[in-house]
Amino acid sequence: MNPDIFQLNEHESTMTLQKWTEESKDLIVGFTTKNGGVSHHPFASLNLGLHVNDEKEKVIQNRQIVSDNLNMSLSQWICAEQVHENKIVKVTTRDVEKGVYEYKDGVQATDGIYTNEPNLLLSLCFADCVPLYFFVPNQSLIGLAHAGWKGTVKDIAGNMIRKWVHEENVLAKEIFVAIGPSIGDCCYVVDDRVIEEVRHVLGYEDSAVSYQIVSEGQYALDLKEVNKLLIQKAGVPTENIITSSYCTSCHEELFFSHRRDKGQTGRMLSYIGFRED
Ligand SMILES: [Zn+2]
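Cut-offs applied
Residues numbered from 1 in each chain as written. Predicted model: local features only at pLDDT ≥ 70, side-chain atom pairs only at ≥ 80, totals over all residues. Heavy atoms only, no water. UniProt positions renumbered as here; feature names shortened; annotations may be inferred. Helix = DSSP H or I, 4+ residues; strand = E, 2+ residues; numbered from the N terminus. Rg over C-alpha atoms; globule rule 2.2 N^0.38 Å. Buried < 20%, exposed > 50% of the residue type's maximum accessible area, 1.4 Å probe, protein only. Contact = heavy atoms within 4.5 Å. Areas by Shrake-Rupley, 256 points an atom, 1.4 Å probe, with all protein chains shown as cover. Lys, Arg positive; Asp, Glu negative; His and termini not counted. Charge placed at Lys NZ, Arg CZ, Asp CG, Glu CD. Salt bridge = Lys/Arg side-chain N within 4 Å of Asp/Glu carboxyl O. Core = buried A, V, L, I, M, F, W, Y, C linked by side-chain atoms within 4.5 Å. Donors = N, O, S within 2.8 Å, 3.2 Å for Na, K, Ca; no water. Tetrahedral: all angles 85-135°; square planar, octahedral: opposite > 155°, others 65-115°. Phe/Tyr/Trp six-rings, centres within 6.5 Å; stacked < 30°, edge-to-face > 60°. Pairing = 2+ DSSP bridges. Axes fitted to C-alpha atoms, helices over the stretch in contact; angles between N-to-C directions.

- Identification of the chain as Purine nucleoside phosphorylase from Priestia iocasae is taken from an unreviewed UniProt entry.
- The record held by UniProt for the chain lists under Cofactor (unreviewed entry) the comment "Zn(2+)".

What follows is the structure in structure tokens.
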């Protein structure tokens, strides 16, 4: 297997999006694994979700472990209350610690957050949904989005790009996007209702490459590919988009998977931040 764009760190609790950190030394960007934490089954061990009935103290301890590994204090973190919608919010230092200790205190009903301020760590929770990372190198503009099938067909990916173009004065061709570890079409079967929405958002022709019929009314859907197509439609050049090959369901040794674990499982975090002295 080719090395993935996300490289597992020695402590095995986080994976770094190395292609971006090689080019931007002050960038902290990656995805956590399920390993190296203190939670017990079914959250063993590095569960970072406060909303999944794990013991709160353990989740906060796990977050502290990640914070130490990244050298970004919890007082610099910003989390969101994710609702499978497509709202995007710009966050600032005024939002620090939101959702770090209480899920409901996160940036309200928001699945996409971004900032151009340094020394903040943006983070969102995942267990199969697609983590999207956005970055404009010379402007320290960084963002994250959470795209399950609902957020995907509501085009949260395109929303982030359009918001940056209209409100942050950047060109779509200046934006880089990474598509992180998430459930692959190897493990993700959906029904007609979902495929109809995919067809609707992408158009009948373009959507055809993103799914295969497995049986009547059952389709293997490549959510990463749908997001990639939406990012391209929003004007980001193909060469600016990189995609992780990891399937969260296949790689049981690394990831929690909502589908594989039948809903009883932990959460990984996607994270991005800029360090400035
Ligand atoms: Zn798979």
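**Observations regarding the overall build of the chain**
Here comes step 1: Counting its secondary structure elements, the chain contains seven helices and 15 strands.
Here comes step 2: Taking 277 residues into account, the globule formula puts the C-alpha radius of gyration at 19 Å, and the chain, at 17 Å, falls close to it.
Here comes step 3: Considered along the principal axes of its C-alpha atoms, the chain spans approximately 50 × 45 × 35 Å.
Here comes step 4: Out of the 277 residues belonging to the chain, those deemed buried represent 56%.
Here comes step 5: Within the chain, contacts between residues separated by at least 24 positions form 65% of all contacts whose residues are at least 6 apart in sequence.
Here comes step 6: Carbon together with sulfur atoms contributes 44% to the accessible area of the chain, which is approximately 12,100 Å² in total.
Here comes step 7: For the chain, the centre of its 26 positive side-chain charges and the centre of its 39 negative side-chain charges are spaced 3 Å apart.

**A closer look at the environment of Gly49**
Here comes step 1: By the element assignment, Gly49 lies in the loop between strand S3 (27–32) and helix H2 (56–70).
Here comes step 2: We classify Gly49 as buried; its relative accessible area is 0%.
Here comes step 3: Sequence-wise, Gly49 and Ala208 are 159 residues apart; in three dimensions their C-alpha atoms are separated by 34 Å.
Here comes step 4: Sequence-distant contacts of Gly49, that is, excluding residues within four places in its chain, are made with Val59, Cys125 and Arg267.

**A closer look at the pattern of salt bridges**
Here comes step 1: The full count for this structure, using the stated rule, is 12 salt bridges.
Here comes step 2: In this structure, the salt-bridge partner of Arg162 is Asp155, at a minimum N-O distance of 2.9 Å.
Here comes step 3: Its relative accessible area of 33% is what places Arg162 among the partly exposed residues.
Here comes step 4: Among the salt bridges present, the one from Arg260 reaches Glu252, with a minimum N-O distance of 3.9 Å.
Here comes step 5: Judged by its relative accessible area of 18%, Arg260 falls in the buried class.

**Re the nonpolar core**
Here comes step 1: In terms of nonpolar packing, the biggest core is built from 40 residues, with Leu132, Phe134, Ile161, Trp164, Ile175, Leu221 and Ile231 touching the most fellow members.
Here comes step 2: The contact partners of Trp164, leaving out residues within four places of it in the chain, are Tyr114, Phe134, Phe135, Val136, Leu141, Ile142, Gly143, Asn169, Val170 and Ile175.
Here comes step 3: If you look at the next biggest cluster of nonpolar residues, it comprises 31 residues, including Ile5, Leu27, Phe255 and Phe256.

**Observations concerning the coordination of the zinc ion**
Here comes step 1: For the zinc ion, the full set of protein donor atoms is Cys186 (SG), Cys187 (SG), Cys247 (SG) and Cys250 (SG), and the range of their distances to it is 2.3 Å.
Here comes step 2: Geometry at the zinc ion is tetrahedral, judged from the four donor atoms that bind it and their angles of 103 to 116° at the metal.
Here comes step 3: Mapped onto the sequence, the donors of the zinc ion take the spacing C-C-x59-C-x2-C. Placement of Cys187 in the loop between strand S10 (176–179) and strand S11 (189–191) and of Cys247 in the loop between strand S14 (241–243) and strand S15 (268–274) is noted, with a sequence separation of 60 residues between them.
Here comes step 4: Take Cys187: its relative accessible area is 25%, and that puts it in the partly exposed class.

**Here's the deal with the packing of aromatic side chains**
Here comes step 1: One pass over the structure, following the stated rule, counts nine aromatic pairs.
Here comes step 2: A centroid spacing of 5.3 Å and a plane angle of 45° characterise the contact between Trp20 and Phe135, whose relative ring orientation is tilted. Taken together, the residues span a long stretch of sequence, with Trp20 in helix H1 (residues 18–23) and Phe135 in strand S8 (residues 130–136) at a distance of 115 residues.
Here comes step 3: Between the aromatic rings of Tyr246 and Phe255, the centroid separation amounts to 5.5 Å while the plane-to-plane angle is 75°, which identifies the pairing as edge-to-face. Take Tyr246 and Phe255: they sit in the same class, and that class is buried.

**A short note on the sheet that holds S15**
Here comes step 1: Within the open sheet, the six strands sit side by side as S1-S2-S3-S15-S7-S4. Their pairing is mixed. Because the sheet does not close on itself, it has two edges, and the strands there are strand S1 (6–8) and strand S4 (77–79). Across the sheet, the axes of successive neighbouring strands diverge by a mean angle of 25°, strand direction being ignored.
Here comes step 2: Across three bridges, S4 lies against strand S7 (residues 121–126) in parallel orientation.

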